[in-house]
Amino acid sequence: MSDRLYAESGVSWAAILWGPVFAVVGALAELATGGPVHVVGWLMVAVGLCAITVPWVYARRRFLSLEVTTQQLRQGREKVAADQLASVKDVGVPVGARVLGGGWSVPRKYDSLPVELADGTVVLAWAKDVEALQDALDRLVRATPKEA
């Protein structure tokens, strides 16, 4: 069993409620202005916004989530075993360092963290709270036995 040291979900499923809330506000605005309330229209708006929000939430949860457990670091769909992590402190960032998770660059609104792997290569991990990620990875590196 692996214990979770740190995690970010990418986005909450609660974002799906934005569409229905918008529809209710629109219907209430119609009601407040004394005009006819287009219930069917607002229901279609709520369903339509939910329909386009579900794939967005699913994609963000799949590709922008991260998790550090006692066994591995998972960034998006990419996993790095704990014994492959060498250091997260005082690691320089070489030009062209590979970004974990399969993207070309660190996702927008995320900060990068250089991580040295056991083979000497440096990769870029990313998180919204990069200090918490660094603390979790540092605890993981110190707790994981290295091969001699």
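Keep in mind that this is a model prediction, so the values were computed, not measured. (Residues numbered from 1 in each chain as written. Predicted model: local features only at pLDDT ≥ 70, side-chain atom pairs only at ≥ 80, totals over all residues. Heavy atoms only, no water.)

## Things to note about the overall build of the protein
Part 1 of the argument: A tally of helices and strands in the protein yields 3 helices and 8 strands.
Part 2 of the argument: The order of helices and strands in the protein, counted from the N terminus, is β-α-α-β-β-β-β-β-β-β-α.
Part 3 of the argument: Radius of gyration (C-alpha) of the protein: 21 Å, far over the 15 Å computed for a compact globule of 148 residues.
Part 4 of the argument: Dimensions of the protein, computed from C-alpha atoms along their principal axes, come out at roughly 75 × 35 × 20 Å.
Part 5 of the argument: Partitioning the contacts of the protein with sequence separation of at least 6, the portion at a separation of at least 24 is 63%.
Part 6 of the argument: When the accessible surface of the protein is totalled, it reaches about 9,100 Å², and 61% of it is carbon and sulfur.
Part 7 of the argument: Counting 15 positive and 15 negative side-chain charges, the protein places the centres of these two groups 7 Å from one another. (Helix = DSSP H or I, 4+ residues; strand = E, 2+ residues; numbered from the N terminus. Rg over C-alpha atoms; globule rule 2.2 N^0.38 Å. Contact = heavy atoms within 4.5 Å. Areas by Shrake-Rupley, 256 points an atom, 1.4 Å probe, with all protein chains shown as cover. Lys, Arg positive; Asp, Glu negative; His and termini not counted. Charge placed at Lys NZ, Arg CZ, Asp CG, Glu CD.)

## Details of the sheet that holds strand 1 (residues 4–8)
Part 1 of the argument: Sheet architecture is open: 4 strands sit in the order 1-2-3-4, paired in antiparallel fashion. The outermost strands of the open sheet, each flanked by one partner alone, are strand 1 and strand 4 (78–81). The sheet shows a mean angle of 5 degrees between the axes of neighbouring strands, direction not considered.
Part 2 of the argument: Of the pairings in the sheet, the one linking strand 1 to strand 2 (residues 66–69) comprises 4 bridges and is antiparallel in character. The residue of strand 2 that forms the bridge with Arg 4 is Thr 69. (Pairing = 2+ DSSP bridges. Axes fitted to C-alpha atoms, helices over the stretch in contact; angles between N-to-C directions.)

## Some words on a negative patch on the surface
Part 1 of the argument: On the surface, Asp 111, Asp 129, Glu 131 and Asp 135 cluster together to form a negatively charged patch.
Part 2 of the argument: Structurally, the position occupied by Glu 131 is in helix 3 (residues 130–143). (Patch = residues over 30% accessible without salt bridge, like charges linked within 9 Å, V, L, I, M, F, W, Y side chains within 5 Å. Salt bridge = Lys/Arg side-chain N within 4 Å of Asp/Glu carboxyl O.)

## Some details on the sheet that holds strand 7 (residues 111–117)
Part 1 of the argument: Overall, mixed pairing links the 4 strands, which are arranged 5-7-8-6 in an open sheet. Edge positions in the sheet fall to strand 5 (85–87) and strand 6 (98–99), since each of these pairs with one other strand and no more.
Part 2 of the argument: Bridging between strand 6 and strand 8 (residues 122–127) involves 2 bridges; their strand directions are parallel. Counted as the bridge partner of Val 99 is Leu 124 from strand 8.
Part 3 of the argument: Along the sheet face, helix 3 touches strand 5, strand 7 and strand 8 and points at about 15 degrees away from the line of strand 7.

## Digging into helix 1 (residues 18–32)
Part 1 of the argument: In this model, helix 1 (15 residues) spans 21 Å end to end at C-alpha, consistent with the 21 Å of a helix rising 1.5 Å per residue.
Part 2 of the argument: Summarising the contacts, the buried residues of helix 1 are in contact with helix 2 (39–63).
Part 3 of the argument: Gly 34, located one to two residues past helix 1, shows a positive phi value of around 85 degrees. (Expected span 1.5 Å × (residues − 1).)

Everything listed here is a matter of coordinates, which is why it stays silent on function.
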